[in-house]
Amino acid sequence: MSFKFEVMIESLKVASQYIGTTLFMAITALVIGVVLGLAIALIRLYRIKGLTQFFQVAVTLLKGIPMVLIILALYLVSSKQFDVWAESMNWSLRFRDFNMVWIAVAALSLFATINSSEVFRGAFAAIKPGQFDAAKSMGMTNLQTIRRMLLPQAIPISLPMFSNLLITLVKASSLASMVSVVDVFAAAKITAQQNYRFLEAYVAVAVIYWGISLVIEKTAQLLEERMTRKLRRAIL
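Residues numbered from 1 in each chain as written. Predicted model: local features only at pLDDT ≥ 70, side-chain atom pairs only at ≥ 80, totals over all residues. Heavy atoms only, no water.

An unreviewed UniProt entry annotates the chain as L-cystine transport system permease protein of Trichococcus ilyis. In UniProt, the chain has this text filed under Sequence similarities (unreviewed entry): "Belongs to the binding-protein-dependent transport system permease family." (UniProt positions renumbered as here; feature names shortened; annotations may be inferred.)

Structure (structure tokens):
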């Protein structure tokens, strides 16, 4: 069977219309994951009693669960329990009216939270312990230490990992089609089912994902260079 470029271009046009959906799921999940992951990393850094052990076990367990299982589990639980919760709280919203994008976002956010917490934990470990002692000797509170010393150094260190995480989330968002979300991958697959030219559709999807990944990587490199220069000027 010959490869038809005109079919690939047509699939590319259709799939590109849903780039916004793919980016929305990935970026929203990353933002949620960074906020929650930072909180978990700080809890483990300052060894808050009870919570440290809980998150240590939770992160270890959740890291071993495939994304596809998380999405399917959230979908099955929501389909059975959402209407019960809605009725108990006198909501008019029902599961049939629920936008499935948010199930995908929730699953991706959980994945992003676990990975973000590990990224921050590694970045915090790269900071010399003597700097914490210096901050205490200057009378800084924990919040001031985090804001003025910890984060300004940890963010440039962790930026390459976060760009990789965003790329991973973009690619993982293709699993959202399992819960009836139409994204880049699902749109291309729908067009392929109409003409049975699956290879052309999948190549078109690969081109789109490659383009998104390239933009993310180059943007992250520019941000990293700018933040590194600013940090060096602050140190000097």
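Participant: Honestly, the packing of aromatic side chains in this entry has me stumped. Any pointers?
Facilitator: The way to describe two aromatic rings as a pair is by their centre distance and the angle between their planes. Taken as a whole and judged by the stated rule, the model has eight aromatic pairs. Ring geometry for F82 and F98: centres 5.1 Å apart, planes at 45°, overall tilted. Here the residue F82 occupies a position in helix α4 (residues 67–88), and F98 occupies one in the loop between α4 and α5 (101–125), the gap between them amounting to 16 residues. Note on F82: relative accessible area 12%, which makes it buried. Relative accessible area serves as the criterion here: at 25%, F98 is assigned to the partly exposed category. (Phe/Tyr/Trp six-rings, centres within 6.5 Å; stacked < 30°, edge-to-face > 60°. Helix = DSSP H or I, 4+ residues; strand = E, 2+ residues; numbered from the N terminus. Buried < 20%, exposed > 50% of the residue type's maximum accessible area, 1.4 Å probe, protein only.)

Participant: I'm lost on the UniProt feature "transmembrane region" (unreviewed entry) in the chain in this one. Help?
Facilitator: UniProt's entry tags residues 21–43, 55–77, 98–114 and 198–216 with the feature "transmembrane region" (unreviewed entry), counted in the numbering of this structure. Along residues 21–43 one finds 100% helix and 0% strand; the C-alpha atoms at either end are 33 Å apart. Between the end C-alpha atoms of residues 198–216 the distance is 27 Å, and the span holds 100% helix and 0% strand.

Participant: Would you take a moment to explain the UniProt feature "domain: ABC transmembrane type-1" (unreviewed entry) in the chain for this structure?
Facilitator: Look at the UniProt record and you will see "domain: ABC transmembrane type-1" (unreviewed entry) annotated at residues 19–220. Span residues 19–220 is 80% helix and 0% strand, its end C-alpha atoms 19 Å apart.

Participant: I keep staring at the layout of surface pockets and nothing clicks. Help me out?
Facilitator: Regions of empty space are outlined by a rolling probe, equal in size to a water molecule, passed over the atoms. Its volume calculated, the largest pocket comes out at about 170 Å³. Every residue along the wall of the largest pocket is listed here: A41, R44, L45, R47, T52, Q56, R121, F124 and A125. Of all the secondary-structure elements, those providing two or more residues to the lining of the largest pocket are α2 (19–45), α3 (51–62) and α5. (1 Å grid on protein atoms, 1.4 Å probe; cavity = no way out; pocket = protein on both sides within 12 Å on 5 of 7 lines; lining within 4 Å. Points joined across faces, edges and corners; volume = space filled by probe spheres on them.)

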